[in-house]
Amino acid sequence: MAEIETPAGVANELRDALRSVLGDAGVVSDPALLAARSGDWSEATKMPPALVLLPRTPQQVADVLALCARHRQRIVVQGGLTGLAGGATPAPAEVALSLARLDRIEDIDAVGGTATVQAGVVLEELQARVESQDWYFPLDLGARGSCQVGGNAATNAGGNRVIRYGTMRELVQGIEVALPDGRLLTMMNRVTKNTTGVDLKHLFIGAEGTLGVITRLVLKLSPRPTASSAALCALPSFEAATRLVRDMRRALPGLSAFEVMWSDFMEAAQEIGGLRPAFAEASPVYALVETQGARQEEDRDQLERFLGEALEAGSVSDVVVAQSQGDAHRLWAYRETIGEMLGQLKPHAAFDVGVPMAAMDSFVRTVRDALQSRFPAQRHLFFGHIGDGNLHVLSGPHGSAESLHRVEQLVYEAVGAVGGSISAEHGIGVVKKEFLHFTRSDAELELMRSLKALLDPAGILNTGRVFAPTTSV
Ligand code: FAD
Ligand code: ZN
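The rules behind the values
Residue numbers restart at each chain and count upward from 1, following the sequence in its written direction. All chains are assigned letters beginning at A, and all ligands numbers beginning at 1, according to the order in which they are written. Local features in a predicted model are, by the rule used here, given only for residues with pLDDT of at least 70; side-chain atom pairs are given and counted only at 80 or more, and totals for whole chains, interfaces and linings are based on all residues. Side-chain descriptors were evaluated using all non-hydrogen atoms of the structure, hydrogens and water having been removed beforehand. Nitrogen, oxygen and sulfur within 2.8 Å of a metal are treated as its donors, or within 3.2 Å for sodium, potassium and calcium (Na, K, Ca); water is not counted, so a site can appear incomplete. Square planar and octahedral assignments, for four and six donors respectively, both demand that opposite donors be over 155 degrees apart and that all other angles lie between 65 and 115; tetrahedral needs four donors with all angles between 85 and 135 degrees, and anything else is irregular. Under the DSSP-based scheme used, a helix requires at least four consecutive residues in state H or I and a strand at least two consecutive residues in state E, with every element numbered from the N terminus. Only protein chains enter the accessibility calculation, which uses a 1.4 Å probe; a residue whose area is less than 20% of its type maximum is buried, one above 50% is exposed, and one in between is partly exposed. Throughout, the arc means the angular range of directions from the helix axis out to the C-beta atoms. In what follows, a contact means two residues having at least one pair of non-hydrogen atoms within 4.5 Å. Think of it this way: one heavy atom of a residue within 4 Å of a molecule or strand is enough to make that residue near it. N or O atoms closer than or at 3.5 Å make up a polar contact, with two conditions inside protein: a donor-capable atom paired with an acceptor-capable one, and, for residues adjacent in sequence, both atoms drawn from side chains. Note that accessible areas follow from Shrake-Rupley with a 1.4 Å probe, and for residues the cover is restricted to the protein chains shown. In this classification, Asp, Glu, Lys and Arg are treated as charged, Ala, Val, Leu, Ile, Met, Phe, Trp, Tyr, Cys and Pro as nonpolar, and every other residue, Gly included, as polar. Here, a salt bridge means any Lys or Arg side-chain nitrogen found within 4 Å of an Asp or Glu carboxyl oxygen. Two strands make a pair as long as DSSP finds a minimum of two bridges between them. Fitted lines through C-alpha atoms give the axes, limited to the stretch in contact for helices. The angle between two N-to-C directions lies from 0 to 180 degrees. Put simply, two rings from Phe, Tyr or Trp (the six-membered ring, in Trp's case) pair if the centres are within 6.5 Å, and we call them stacked under 30 degrees between planes, edge-to-face over 60, tilted for the rest.

Chemist: Sorry if this is basic, but what is going on with the coordination of the zinc ion (ligand 2) here?
Modeler: When four donors bind a metal tetrahedrally, each ideal donor-metal-donor angle is 109.5 degrees, and when six bind octahedrally, the ideal angles are 90 or 180 degrees. Note on the zinc ion (ligand 2): its protein donors are His385 (NE2), His392 (NE2) and Glu425 (OE). The metal-donor distances range over 1.8 to 2.1 Å. If you look at the zinc ion (ligand 2), its four donor atoms make angles of 94 to 156° with each other, and the shape they trace is irregular. Spacing between the donor residues of the zinc ion (ligand 2) along their common chain follows H-x6-H-x32-E. Of this pair, His392 sits in strand β18 (residues 390-396) while Glu425 is found in the loop between α15 (401-417) and α16 (442-455), placing the two residues 33 residues apart along the sequence. Under the relative-accessibility criterion, Glu425 is labelled buried at 9%.

Chemist: Where do I start with helix α4 (residues 123-131) in this structure?
Modeler: Each α-helix winds once per 3.6 residues, and so residues spaced three or four apart point in a common direction. Listing the buried residues of α4 in full gives Leu123, Leu126, Gln127 and Val130. The arc enclosing the buried residues of α4, seen along the axis, measures out at 100°, which places them on a common side. Looking at the buried positions of α4, the neighbouring elements they touch are β5 (105-109), β6 (114-118), β7 (135-136), α5 (149-154) and β10 (213-220).

Chemist: Help me understand the site of ligand 1, please; the structure alone is not making it clear to me.
Modeler: Neighbouring ligand 1 are 37 residues; Val77, Gly79, Gly80, Thr82 and Gly83 lie closest to it. One of the backbone N or O atoms of Gly80 is found 2.8 Å from an oxygen atom in ligand 1. When ligand 1 sits alone it has 970 Å² of accessible area, and the protein chains cover 97% of it. Secondary structure elements with two or more residues in the shell around ligand 1: β3 (75-78), α5, β10 and α13 (338-344). Looking at the shell around ligand 1 element by element, the count peaks at four residues for α5. Of the residues contributing to the shell around ligand 1, the split by class is 15 nonpolar, 20 polar and two charged.

Chemist: Help me understand the pattern of salt bridges in this model?
Modeler: If the charged atoms of two oppositely charged side chains come close together, the side chains can form a pair. For the coordinates displayed, the defined rule picks out 27 salt bridges. The salt bridge partner of Glu106 is Arg104, with a shortest N-O separation of 4.0 Å. The network of salt bridges with shared partners includes Asp140, Arg144, Arg161, Glu290 and Glu336.

Chemist: Quick question: what am I supposed to make of the sheet that holds strand β4 (residues 95-98) here?
Modeler: Two strands in a sheet stick together by hydrogen bonds in their backbones, pointing the same way (parallel) or opposite ways (antiparallel). Taking strand neighbours across the sheet as the criterion, the four strands line up as β1-β2-β4-β3 in an open arrangement whose pairing is mixed. Whereas interior strands pair on both sides, the edge strands pair on one side only; in this sheet they are β1 (27-28) and β3. Sitting on the sheet, helix α3 (residues 58-71) is in contact with β2 (52-53), β3 and β4, with an inclination near 165° to β4.

Chemist: Whenever I open this one, the pairing of strand β12 (residues 227-235) confuses me. Can you help?
Modeler: When a strand is regular, its side chains alternate between the sheet's two faces. In terms of burial, β12 is a largely internal element, eight of the nine residues being buried. Of the pairings in the sheet, the one linking β12 to strand β14 (residues 285-293) comprises nine bridges and is antiparallel in character. Bridge pairing in β14 places Ala234 opposite Tyr286. Of the pairings in the sheet, the one linking β12 to strand β15 (residues 318-321) comprises four bridges and is antiparallel in character. Bridge pairing links Ala234 to Asp318 in β15.

Chemist: Help me understand the packing of aromatic side chains in this model?
Modeler: For any pair of aromatic rings, the description consists of the separation of the ring centres together with the inter-plane angle of the planes. Evaluation of the coordinates by the stated rule reveals seven aromatic pairs. Seen in terms of ring centroids, Phe238 and Trp262 are 5.3 Å apart; in terms of plane orientation they differ by 15°. Their pairing is stacked. Of this pair, Phe238 sits in helix α9 (residues 238-251) while Trp262 sits in strand β13 (residues 255-262); the two residues are 24 residues apart in sequence, bridging distant segments of the chain. The exposure class assigned to Phe238 is buried, which follows from its relative accessible area of 3%. Ring centres of Tyr412 and Phe435 lie 4.8 Å apart, and the angle between their planes is 40°; on these two criteria the pair is classed as tilted. With a gap of 23 residues between them, Tyr412 in helix α15 and Phe435 in the loop between α15 and α16 connect regions that are remote in the sequence. For the pair formed by Tyr412 and Phe435, the shared burial category is buried. Here a set of aromatic residues connected by ring pairs shows up, and it is made of Phe351, Tyr412, Phe435 and Phe438.

Chemist: Can you walk me through the environment of Val415 in this structure?
Modeler: Within the fold, Val415 resides in helix α15. Here Val415 falls in the buried class, since its relative accessible area comes to 0%. C-alpha of Val415 to C-alpha of Leu451: the two residues are 36 residues apart in sequence and 27 Å apart in space.

Chemist: Any chance you could explain unusual backbone geometry here in plain terms?
Modeler: Excluding glycine, a negative phi dihedral is what most residues carry, and trans is how most peptide bonds are arranged. The amide bond that connects Lys346 to the next residue, Pro347, takes the cis arrangement and shows omega of -15°. When you line up the elements, Pro347 lands in the loop between α13 and β16 (349-354). For the bond from Gly396 to Pro397, the omega torsion is -10°, close enough to zero to count as cis. For Pro397, the location among the structural elements is in the loop between β18 and α15. Phi is positive for Leu81, close to 60°, though the residue is something other than glycine.

Chemist: Sorry if this is basic, but what is going on with the side chain of Lys452 here?
Modeler: Relative to the helices and strands, Lys452 is located in helix α16. There is a polar contact of 2.8 Å between the side chain of Lys452 and the backbone oxygen of Thr210.

Here it is as structure tokens:
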């Protein structure tokens, strides 16, 4: 599983050519840095890359790709390494191309509401910068302090506010990509509407770096919400949660998050995160809800009124409405302990499946029962962005790769049976590729392979991610 293996070398001729493009400082072979770049947050086998390449400009990225294509040198693209699918984890003899030095916010268009950024900008830095100019970049997820916007686009990241603002796919307006043959494809569109043939940016969003390296992005901003209200609801059943989200969407157009945590998750959050229970009595399901708007007092009153009525009607068993930003942070803390849980329950299987809402309740029951009976010593935690039909399951710690594989087989078979998606937001990487057929047809896979062969005929870029390679270097 997670042991570190030794990298193979890179030919001296290529090494010298890379130095002439990137300078000595841009071609790193220091063992400590190689070890630090040996994998992401997934359980994929850690492997130091043969070299770490640190370009400073998009053109340098393109030049590196052209050189590597000529030498048939395989490359793994690395953003913030927070991915949960092993896509950025090096395979044997790969060099790592890191976007860490392409970290400039080039422009914030305060009139049109766009940010032009390089791919290595860390999400949290972008959020803070645009907010200081009264704009808002709504993508938000637990890894915000390390993940990069390029990585977010490459994985079509989702996170907590998709219910209101959509996934990264909806937030990218323009893109620049270095293709595996060394061409730089600049499509930095800044207009909202653009119906001029095939929208090529979508080829690269969610492709997990298999078709090109994202070097720059034009991101769509929203006006900064000046008010935000949050509440934690204890619910008698999952069915109550589905009614609540439907009714809230109708009554509260500012609804910006609807996160569900089943009792197993809540208990683990209290234990692992050292958090006090929010309610005197435990409930089977909890919903963390958030609205964003422009009038703090009015918005909170509206949320309080809505939840008060739900309480009277019995569709909510208990509720805590945050009275301050500090309260809201304390409520979000239950959900945000996921970062600690991912660390503590290793080796784990972490799922981000998409399940049709109508099938969610029975899916959770069936999968939980099966996991509990087959793996009684492990924790199996259920939670997710349920407003988007996106369920997370975290199962661990598992003592062997075989046990992890059995858990994956069990969950993905159940996803296939309800016509869901094996990855709603983290991507396929290497850890899910053998299960892709549960979600994608042979015809779809064939077309994906054709696109890969067209754009990366030498098979050098993130080869073996998403699907098995068809060409060999
Ligand atoms: P990396 O891990 O470095 O790379 C991810 C993939 O993208 C790899 O295949 C890599 O090769 C490729 N890649 C990276 N940069 C580029 C580029 N510039 N061009 C082309 N390909 C590139 N994800 C969600 O969607 N929603 C969540 O709610 C969420 N919560 C998380 C919480 C925690 C605590 C953690 C650790 C992770 C979470 N994630 C979540 C997963 C992860 O943070 C996201 O997938 C994130 O978008 C990855 O960005 P990164 O820069 O770290 O990419
Ligand atoms: Zn998520």
